[in-house]
Amino acid sequence: MRIKSSEITPEHVYISRRKFMKGLGISAASALLLAACGPQQSSAPASSSSQATAGPTAPTASAAPATAGPVAGAAVQANAGATSAPATASPKKVEVPGEPLTSFEDVTNFNNFYEFTTNKEGVARLAKDFKAAPWTVAVGGMVSKPMTFGIEDLVKKFAQEERVYRMRCVEGWSMVIPWLGFPLAALLKEVEPLSGAKYVRFETVLDPMQMPGQRDKMYPWPYIEGLRLDEAMNDLTILSTGLYGKSLLPQNGAPLRLVVPWKYGFKSVKSIVKIDLVDKEPKSLWMALSPDEYGFYANVNPEVSHPRWSQASERRIGETARRRTLPFNGYAEQVAQLYTGMDLRKNY
Amino acid sequence: MSVARTSRGAQAEARNNSRVRVRPAPRRREQIAQVIVHLLALTPLALLVLDGLRDNLTANPIQTITFRTGKFALALLVLSLACTPLNTVFGVRTALKWRRPLGLYAFMYAALHFLTFTVLDYGLDPVLLREAIFEKRYALVGFTAFLLLVPLAITSTRGWMKRLGKRWKRLHQLAYIAGLLVIVHYVWLVKADRREPLLWGAAIAILLAIRLPPVRRAVVKLRGRALARLEAN
């Protein structure tokens, strides 16, 4: 059963308050008001000022929920602009109606990161002393200008934006997370992919000394993931360096991870050391382990069932009742065109 | 109060006088063992409730409750299946009396597991439940195992034992099939690492193998010889 955005209850209206206000044409006025009552002035991080204009939607976006739907989980969330509270407090102000942010506590203590342990509650403790600095990321393969970046260069070079995204795990639970990061496209443009490059391959650090889970030979470490080049270039796809206005903690994939919000969480590879442009579809770790369960695409799709977990519904962490899972995790309008003509049942 | 104590003390004295051994009488030891069995079986439930009250069930509490009740159900089912071999191999006759409570506790945890899944997790949503139970092979075998345990729990009373006579034993051998189905349920449930469910499976396989007549006879013979050697020494 397909759920149209128009059939979704107001709780599932994915539109940020700011965009809503813009739609009503009162943003200028309210910004003044906010400035007047804001506890602090211009204390928001540099990132937030750049993103107020960076959204994929024009300021004139309709305020009607049914049509504005996909802005959802809202690609670029204005960080309440430069006039609001400091960074640490601001994420609370950009909640999507009906979809509150998952608490920082839960986001940082309930993690699937098998490099440490398969116990979600145990990752944070085991990852506590993980050294995420110094850290370099080698970007190469089929590119004109292969480069190696220090993590601090990436943070400086690319404007950091806050993006509030839904994260849907293939196991049937989900979160709403305010990420900090920058579009992967910006980095890829920098290295100039060659015309033969069709895919991007990501590799997590291999460090069994620091990552006890990697001593388990059951899994073919290191963790590999991949995207098709057009997926990688989509504006929703970001490399994240932080969340909740802070640098990433090790359990969330410090210092650099991928976030692809319309795909199951396992595609969003953590603690990246290597990014290669390639001409063949990369084989991910999960594809190698269970090819009939995990495909290359792994798009969130309530209609493609999984042998174990319900993909028709999900539990939002912190909530009791299940939510219906949306096609492409609610980002269909931004990404569905990437898959025109493809059988998504076969390309799961 | 004091009268009662005196009389009880007198009874105990009389007992001690009448028997040479200072150890509690066999009957008493059996009762203590029974109490321990009940306490052991109820401890996981108490811990679960305690963790629930202290909001200590992870960020995904419903799933945690599902996992924990499922694990306890499996553990108790294995323990109840271990009673007969305990008697066959080690001659622990009292273990036979633990079968019924252990089996019933296994059923209790399985019922909690099932209710957590259907009510807490899926809110009895018919569409989602149909998909979750009937379109997922792991859920279907788990559900079947649970259904098999229902008649066993109902007919666990002495009255039903009498009423069913010889058929009672046959009926209760369904527990073996339930045990195997639960292992399949678990194997199909895990992501890639099948080591833990296979370990439980190995335990059940051994416990069932000991019941096979030729194996049982061999075990009994071995035990007889071992006992004879012990006595000879």
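Residues numbered from 1 in each chain as written. Chains lettered and ligands numbered in written order. Predicted model: local features only at pLDDT ≥ 70, side-chain atom pairs only at ≥ 80, totals over all residues.

What about the overall build of chain A?
Piece 1. Within chain A, the secondary structure is distributed over eleven helices and twelve strands.
Piece 2. Buried positions account for 49% of the 348 residues belonging to chain A.
Piece 3. Taking the intrachain contacts of chain A between residues at least 6 apart in sequence as the baseline, contacts between residues at least 24 apart amount to 71%. (Helix = DSSP H or I, 4+ residues; strand = E, 2+ residues; numbered from the N terminus. Buried ≥ 20, exposed ≤ 12 C-beta atoms within 10 Å, placed from the backbone. Contact = placed C-beta atoms within 7 Å.)

Topic: the overall build of chain B
Piece 1. Looking only at helices and strands, one finds eleven helices and zero strands in chain B.
Piece 2. Secondary structure of chain B in N-to-C order comes out as α-α-α-α-α-α-α-α-α-α-α.
Piece 3. Taking contacts inside chain B between residues at least 6 apart in sequence as the whole, the part at least 24 apart equals 63%.

Some details on the sheet that holds strand β10 (residues 272-278) of chain A
Residue and element names in this part refer to chain A.
Piece 1. On the basis of which strands lie adjacent, the open sheet formed by five strands has the order β2-β1-β10-β5-β6 and mixed pairing. Whereas interior strands pair on both sides, the edge strands pair on one side only; in this sheet they are β2 (147-150) and β6 (224-228). Neighbour to neighbour, the strand axes of the sheet diverge by 15° on average, direction disregarded.
Piece 2. Of the pairings in the sheet, the one linking strand β1 (residues 136-141) to β2 comprises four bridges and is antiparallel in character. Bridge pairing links Val137 to Phe149 in β2. (Pairing = 2+ DSSP bridges. Axes fitted to C-alpha atoms, helices over the stretch in contact; angles between N-to-C directions.)

Points about the interface of chain B and chain A
Piece 1. Counting residues at the interface gives 17 residues for chain B, matched by 20 residues for chain A.
Piece 2. Counting residues per element, the ones that place at least two in the side of chain B that touches chain A are α5 (126-134), α6 (137-154) and α9 (174-189) of chain B.
Piece 3. Of the residues forming the side of chain B that touches chain A, the biggest block, three residues, is contributed by α5(B).
Piece 4. Along the lines of polarity and charge, the residues of the side of chain B that touches chain A split into nine nonpolar, three polar and five charged. (Nonpolar A, V, L, I, M, F, W, Y, C, P; charged D, E, K, R; others polar.)

A few points about the environment of Glu152(A)
Residues and elements named next belong to chain A.
Piece 1. Looking at the element boundaries, Glu152 is found in helix α7 (residues 151-157).
Piece 2. Note on Glu152: 13 C-beta atoms within 10 Å, which makes it partly exposed.
Piece 3. In this structure, the C-alpha to C-alpha distance between Glu152 and Ala133, residues 19 residues apart in sequence, is 9.1 Å.

What about α9(B)?
Three or four residues apart is the spacing at which side chains of an α-helix point the same way, because the helix has 3.6 residues per turn.
All names here are of chain B.
Piece 1. Taking 1.5 Å per residue as the helical rise, α9 with its 16 residues ought to reach 22 Å, and the 22 Å between its terminal C-alpha atoms agrees with that figure.
Piece 2. Of all the positions in α9, only Ala175, Ala178, Gly179, Leu181, Val182, Ile183, His185, Tyr186 and Leu189 are classed as buried.
Piece 3. Packed against the buried residues of α9 are α3 (61-90), α4 (99-121), α6, α8 (166-172) and α10 (195-209). (Expected span 1.5 Å × (residues − 1).)

What about unusual backbone geometry?
Residue and element names in this part refer to chain A.
Piece 1. In the segment running from Ala133 into Pro134, the intervening peptide bond is cis, with an omega of -5°.
Piece 2. Locating Pro134 in the fold gives a position in the loop between α6 (123-127) and β1.
Piece 3. The step from Trp221 to Pro222 runs through a cis peptide bond, and the omega angle for that step is 0°.
Piece 4. Tracing the backbone shows Pro222 in the loop between β5 (199-204) and β6.
Piece 5. We note that Glu192 has phi near 60°; this positive angle belongs to a residue other than glycine.
Piece 6. Counting through the fold element by element, Glu192 comes out in the loop between α8 (184-191) and β5.

Focus: the packing of α9(B) against α10(B)
All names here are of chain B.
Piece 1. Between α9 and α10, the least distance of the axes is 9 Å, while the angle of their chain directions is 165°. Compared by their axis directions, α9 and α10 come out roughly antiparallel. As α9 packs across α10, the resulting crossing turns out to be left-handed. Of α10, the residues touching α9 (which contributes Tyr176, Gly179, Leu180, Ile183, Tyr186 and Val187) are Pro197, Leu198, Trp200, Gly201, Ile204 and Leu208.
Piece 2. In terms of residue class, the contact of α9 with α10 is made up of ten nonpolar, two polar and no charged. (Parallel < 35°, antiparallel > 145°, perpendicular 65-115°, else oblique. Left-handed = near helix turned anticlockwise from the far one by under 90°.)

Some points on the packing of α3(B) against α9(B)
Residue and element names in this part refer to chain B.
Piece 1. Their axes nearest at 11 Å, the elements α3 and α9 cross at an angle of 145°. Regarding α3 and α9, the two cross each other, and that crossing is left-handed. Along its contact with α3, which presents Leu74, Leu77 and Leu81, the element α9 presents Ala175, Ala178, Gly179, Val182 and Tyr186.
Piece 2. Considered class by class, the residues forming the contact of α3 with α9 number seven nonpolar, one polar and no charged.

A short note on the pairing of strand β7 (residues 238-243) of chain A
All names here are of chain A.
Piece 1. Counting buried residues in β7 gives six out of six residues, a clear majority hidden from the surface.
Piece 2. Inspection of the sheet shows strand β4 (residues 173-183) paired to β7 by five bridges, in the antiparallel sense. Counted as the bridge partner of Phe182 is Leu239 from β7.
Piece 3. As judged from the three bridges shared by β7 and strand β9 (residues 257-259), these two strands associate in the antiparallel manner. Bridge pairing in β9 links Ile238 to Val259.
Piece 4. Pairing analysis gives two bridges linking β7 to strand β8 (residues 246-247), with the strands arranged antiparallel. Paired with Leu243 across the two strands is Lys246, which belongs to β8.

Some points on the confidence of the model for chain A
Piece 1. Summarising the model, chain A shows a mean pLDDT of 79, and 72% of its residues fall at 70 or more.
Piece 2. Low pLDDT, under 50, characterises residues 1-94 of chain A; the stretch is placed with 153 contacts to residues that sit more than four places away or in other chains. (pLDDT = per-residue confidence, 0-100.)

Quick notes on the confidence of the model for chain B
All names here are of chain B.
Piece 1. Scored by pLDDT, chain B has a mean of 89; 89% of the residues are at 70 or more.
Piece 2. Confidence drops under pLDDT 50 across residues 1-6; counting only partners more than four residues distant or on other chains, this segment forms zero contacts.
Piece 3. Two numbers describe this predicted complex: its pTM, 0.76, and its ipTM, 0.76.

As for the pairing of β10(A)
All names here are of chain A.
Piece 1. Of the strand pairs in this sheet, β1 and β10 are connected by four bridges, and their pairing is parallel. Bridge pairing in β10 places Val139 opposite Ile275.
Piece 2. Of the pairings in the sheet, the one linking β5 to β10 comprises six bridges and is antiparallel in character. Each bridged residue has a counterpart across the sheet, and for Thr204 the counterpart in β10 is Ile272.

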